[in-house]
Amino acid sequence: MTSPTARRPGIAYRRPDADPSRLVVEAAGDPRLDVDALPRTDWLESTVEADRERLRSALDGGAVDVTYRLAIGDDESPTWVREYGRPDGSGDVVGYLLPASERTERRRLERQRERSEEFASVVSHDLRNPLSVAVGNVELAKELDGEAADERLDRAHDALDRMDDLISDLLALARKGRFVEETATVDLRSVVDAAWRTAGTAPDVALVVEDPLPAVECDRSRLQEAFENLFRNAVEHGAPDGCSPSDVSKEAETDAAGDGTGGDGASTNASLRVSVGSLPGGFYVADDGVGIDPSERESVFEPGQTTAEDGTGFGLAIVERIVEAHGWSVSATESRAGGARFEFDGVDVVEGEPTGADERSVATESGGSPPSTE
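In this report, the structure presented in the accompanying data block is examined. Since we're looking at a predicted model, the values are computed, not measured. (Residues numbered from 1 in each chain as written. Predicted model: local features only at pLDDT ≥ 70, side-chain atom pairs only at ≥ 80, totals over all residues. Heavy atoms only, no water.)

## Re the overall build of the protein chain
Piece 1. Per the secondary structure count, the protein chain includes 10 helices and 13 strands.
Piece 2. Within the protein chain, buried positions represent 45% of all 374 residues.
Piece 3. For the protein chain, the share of sequence-separated contacts (at least 6 apart) that also reach a separation of at least 24 residues comes to 65%.
Piece 4. For the protein chain, the exposed surface amounts to about 18800 Å²; the carbon and sulfur share of it is 46%. (Helix = DSSP H or I, 4+ residues; strand = E, 2+ residues; numbered from the N terminus. Buried < 20%, exposed > 50% of the residue type's maximum accessible area, 1.4 Å probe, protein only. Contact = heavy atoms within 4.5 Å. Areas by Shrake-Rupley, 256 points an atom, 1.4 Å probe, with all protein chains shown as cover.)

## With respect to helix H5 (residues 188-199)
Piece 1. In this model H5 runs 16 Å from its N-terminal to its C-terminal C-alpha over 12 residues, within 8% of the 16 Å that 1.5 Å per residue would give.
Piece 2. Extensive coverage of H5 is indicated by the burial of 10 of its 12 residues.
Piece 3. For H5, every residue scored as buried is listed here: Leu188, Arg189, Val191, Val192, Asp193, Ala194, Ala195, Trp196, Thr198 and Ala199.
Piece 4. With a side-chain oxygen lying 3.0 Å from the backbone nitrogen of Arg189, the N-terminal cap of H5 falls on Asp187. (Expected span 1.5 Å × (residues − 1). Polar contact = N/O pair within 3.5 Å; in protein donor to acceptor, adjacent residues only side chain to side chain.)

## Digging into the pattern of salt bridges
Piece 1. Across all of its chains, the model carries 15 salt bridges by this definition.
Piece 2. With its nearest N and O atoms 3.2 Å apart, the salt bridge here joins Glu53 to Arg56. Of the two residues, Glu53 and Arg56 both sit in helix H2 (residues 52-60), 3 residues apart, roughly one turn of that helix.
Piece 3. What makes Arg56 partly exposed here is its relative accessible area of 34%.
Piece 4. The partner of Arg82 in a salt bridge is Asp65, and the shortest N-O contact between them spans 3.0 Å. Of this pair, Arg82 sits in strand S4 (residues 79-87) while Asp65 is found in strand S3 (residues 64-70), placing the two residues 17 residues apart along the sequence.
Piece 5. Using a relative accessible area of 45% as the deciding quantity, one classes Asp65 as partly exposed.
Piece 6. The structure contains a network of salt bridges with shared partners spanning Arg14, Glu26, Asp88 and Asp92. (Salt bridge = Lys/Arg side-chain N within 4 Å of Asp/Glu carboxyl O.)

## Digging into the sheet that holds strand S5 (residues 93-99)
Piece 1. The antiparallel open sheet is built from 5 strands, whose spatial order is S2-S1-S5-S4-S3. At either end of the open sheet lies a strand with only one pairing partner, and these are strand S2 (24-28) and S3. Averaged over all pairs of adjacent strands, the angle between their axes in this sheet comes to 30 degrees, without regard to strand direction.
Piece 2. Where S4 and S5 come together, 7 bridges link them in antiparallel fashion. Following the sheet pairing, Glu83 is matched in S5 by Leu97.
Piece 3. Its contacts with the sheet place H2 against strand S1 (11-15), S3, S4 and S5, and it is angled at close to 160 degrees to S3. (Pairing = 2+ DSSP bridges. Axes fitted to C-alpha atoms, helices over the stretch in contact; angles between N-to-C directions.)

Have a look at this one:
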């Protein structure tokens, strides 16, 4: 009859104070590991040097699931082990040590490579838009004089500042693997306006803030990034002629200077309207473009999914990850105008006086208040 000890899936252990150098064997039942040969007080030194930082990092926070190489006994080649553990509330880590194969490590490295490639694509996607805005405005500034040129250079400077913020945040993400760092109470309307300005404006696209927007508890930078991607997605997939929110055209400059057909006329004649409004426990972003086929409403959030010729397919994937990191949810549906609508639920809405839809601000950003898309 096999004893309970022999049926254990591995070696039960405890790490006092989550110390990577110490491991106390509490029960041993796996004959594939030589318990007597395991180090006791110099565990980290017995770990292959290239794997030590990975072990330290795994023990630094939360649940532990790490594969590494360990020198055991007189074996010339190190032994692959996999460590599962969790904090027990006293500062110690308790769990199981299991034998692992080189194949397990290869699979881990392959997953790590895939995550690295995806992260590189995210970085490229998020930096391309403010870079395009900066370049476009600098080119326009060369053709203008006085205040008109200064305004374009200011816009370029704002876009470069945004790039600097994104680089800092993305580096933090690369180090810590999280999309949300710190949260604070934020005026949602101010985030919407900032995202619209940073995304750039196309001459025939209008922003409409339909309802007073609430204050929300969020990571402002990450939420602004989500709105920027939503605005780009709306224009890339809903506006005619492949128009992009990063387009900065002479036509737009003429309208802004009051020499063309801008102002209310530009809004009334807008070929695409993007609206933002409140929902119970959340908000929505909608447009009156071509919409999303019902069969694709789930897959649009998958990395690499795009129908735009020049799209990367990461915009909505970034949105979903930012939303989930906040503990919220997002779903795609159809707006009343037949376009795309994204609904955000479970948002940490802060009770109090909501922020009103500022008519002047809407007119400045979109050229007026066009008819509702919802």
